[in-house]
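For reference, the chains in residue letters:
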Amino acid sequence: MHTRNDSQASSPILSEYFQQVTVIGNASGDWQPAQIGHTFIFNGTQHEADKVINICNGPYAGSHYAFVVSNSPDNDQLVSLLTEVGETLEVQLTCWPSSGLVTILLMSLMAQQVNVQRMSLLPSLARPDDMPANEYLPCMVHNWLGERRIALGLQLTSHNIQWPALFLDDASPLLPQDNEPVDINPFEVLLSDAVRRRQNKLLSPDNTDPQFKVAQRLALQVSSDTPDNLEVQYALLAALSNLPSVQWLTYANQSDLILAESLFYNQYPDSQASYWYLIDYQASQYLDTIRHHLAYCQQVIALTAKQANAD
């Protein structure tokens, strides 16, 4: 995936234009176009300057193409290359990727130097209190944890990418020193209902397994249906968010982390019901901290694997 192929290597864009690029995400904060090379911006971001290229998701721009590009040396060729990379990433993510990740991956294959700013690949899932119940956060359509998994692998194996915002600090809250550690596997609470639902769908479509009902009470209910006991579910989400990151890391493994990715996005919210906690105001307030714990575990596992391979 990260190897140059012949079509990319022979691209006139590669040989003539994109040697040094800066990719500007949509996070808050001031930014200026790079003084050297090309600068990429996305969707609604605007800037009138030479060598500033805007890339839009096709649907955002009202196009039937996967991407719409403006102000590049060759818009059609860039759209074609971006689409090829997007389709490859879609297989790995089981979800269409963000324009930012697609651009960074493509430029990592083409440019000598890629600088990424204002992009952590963790936009907030916390719903504003004035957001209508029938609306969804636009960022909900992407698998951000999956994108971070791929981005970490890219960053840690490529020497031409500078991406400081990708790396996270420990998300642990400041707990009182006299608190006793809680002996709980957070992945059991987060994933057990999702796993049982998948097993029941395969083995017992009518969900007659009595353990299934118990699991709904003792774990995060992963369903589009409103839980029978919302207060219990809120308490579970609050407890998961308040656990220290080291607790998550103690039980983390790559398989569970990849399984957890599917809990935090809905690629088709207009036509497919979302998990209840993604569209519930109170529940959504806990999701970013939980995702931060998971992303931190991803990061530690990736850095540990890199260190082990270097030894």
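Located above this text is the structure these notes cover.
For every chain, the first residue of the written sequence is number 1, and numbering continues from 1 along that sequence. Note on the predicted model: pLDDT of at least 70 is required for a residue's local features to be given, and 80 or more for side-chain atom pairs to be given and counted; whole-chain, interface and lining totals, by contrast, use all residues. Side-chain calculation: all heavy atoms of the structure are included, whereas hydrogens and water are not.

Engineer: Would you mind showing me how to read the nonpolar core here?
Structural biologist: Judged by nonpolar contacts, the single largest core of 76 residues is most densely connected at F40, L190, Y277 and L294. Ranked by the residues each element gives to this core, the list is headed by helix α4 (residues 99-110), at 8 residues. With sequence-adjacent residues up to four places away left out, L294 is seen in contact with L145, F187, L190, W248, L257, A260 and F264. Among buried residues, those of type Ala, Val, Leu, Ile, Met, Phe, Trp, Tyr and Cys that are joined through side-chain atoms within 4.5 Å constitute a nonpolar core. Categorising residues by exposure relies on relative accessible area from a 1.4 Å probe, with only protein chains included: less than 20% of the type maximum marks a residue as buried, more than 50% marks it as exposed, and the intermediate range marks it as partly exposed. Helix numbering and strand numbering both begin at the N terminus, where a helix is a DSSP run of H or I of at least 4 residues and a strand a DSSP run of E of at least 2. We call two residues in contact whenever any of their non-hydrogen atoms come within 4.5 Å of each other.

Engineer: I would appreciate a short explanation of the pairing of strand β3 (residues 52-57) in the present structure.
Structural biologist: On a regular strand, one side chain projects to one face of the sheet and the next to the other, so that they alternate. Along β3, 6 of the 6 residues are buried, which leaves the element largely enclosed by surrounding structure. A two-sided burial pattern is seen for β3, the buried positions comprising V52, N54 and C56 on one face and I53, I55 and N57 on the other. Summarising the sheet, β3 and strand β4 (residues 67-70) pair through 4 bridges and their orientation is antiparallel. From the neighbouring strand, N54 faces β4, where its bridge partner is S70. Each pair of strands is called paired provided DSSP finds at least two bridges between the two strands.

Engineer: Can you help me understand the environment of L89 in this one?
Structural biologist: With respect to the helices, strands and loops of the structure, L89 is situated in helix α3 (residues 75-93). Judged by its relative accessible area of 0%, L89 falls in the buried class. Placed 16 residues apart in sequence, L89 and L105 show a C-alpha to C-alpha distance of 9.4 Å.

Engineer: Is there a simple way to think about helix α5 (residues 144-157) in this case?
Structural biologist: Along an α-helix, a turn takes 3.6 residues, which lines up residues three or four apart on a common side. Its 14 residues place the ends of α5 20 Å apart at the C-alpha level, agreeing with the 20 Å of an ideal helix rising 1.5 Å per residue. For α5, a buried count of 11 out of 14 residues is recorded, marking the element as mostly surrounded by other parts of the structure. When we look at burial in α5, the residues that qualify are W144, L145, G146, E147, R148, I150, A151, L152, L154, Q155 and L156. Looking at the packing, one finds that the buried side of α5 touches α3, α4, β6 (161-162), α10 (254-261) and α13 (287-310). The span expected for a helix works out to 1.5 Å for each residue beyond the first.

Engineer: Which parts of the structure should I look at to understand the packing of aromatic side chains?
Structural biologist: What counts as a ring pair is set by centres within 6.5 Å for rings of Phe, Tyr and Trp (its six-membered ring), and what kind of pair is set by the plane angle: stacked under 30 degrees, edge-to-face over 60, tilted for all other angles. Summed over the entire model, instances satisfying the criterion amount to 6 aromatic pairs. Each ring, one from Y234 and one from W276, has its centre 6.3 Å from the other, and the planes form 50°; the classification is tilted. With a gap of 42 residues between them, Y234 in helix α8 (residues 230-242) and W276 in helix α11 (residues 276-279) connect regions that are remote in the sequence. Take Y234 and W276: they sit in the same class, and that class is buried. Members of the aromatic cluster, each reached through a chain of ring pairs, are Y234, Y275, W276 and Y277.

Engineer: Just to check I follow, could you spell out the sheet that holds strand β2 (residues 38-42) for this structure?
Structural biologist: Sheet strands associate in pairs through backbone hydrogen bonding, adopting either a parallel or an antiparallel arrangement. Strand order across the open sheet formed by 6 strands is β4-β3-β2-β1-β5-β6, with mixed pairing between neighbours. Each edge of the open sheet carries a strand with a single partner, namely β4 and β6. The pairing of β2 with β3 spans 4 bridges and is parallel. The partner of T39 across the bridge, within β3, is V52. Interaxial angles span 0 to 180 degrees and are taken between N-to-C directions of axes, which are lines fitted to C-alpha atoms, for helices over the stretch in contact. Strands in contact with α3 are β2, β3 and β4; relative to β4, the strand with the most contacts, it is inclined by about 145°.

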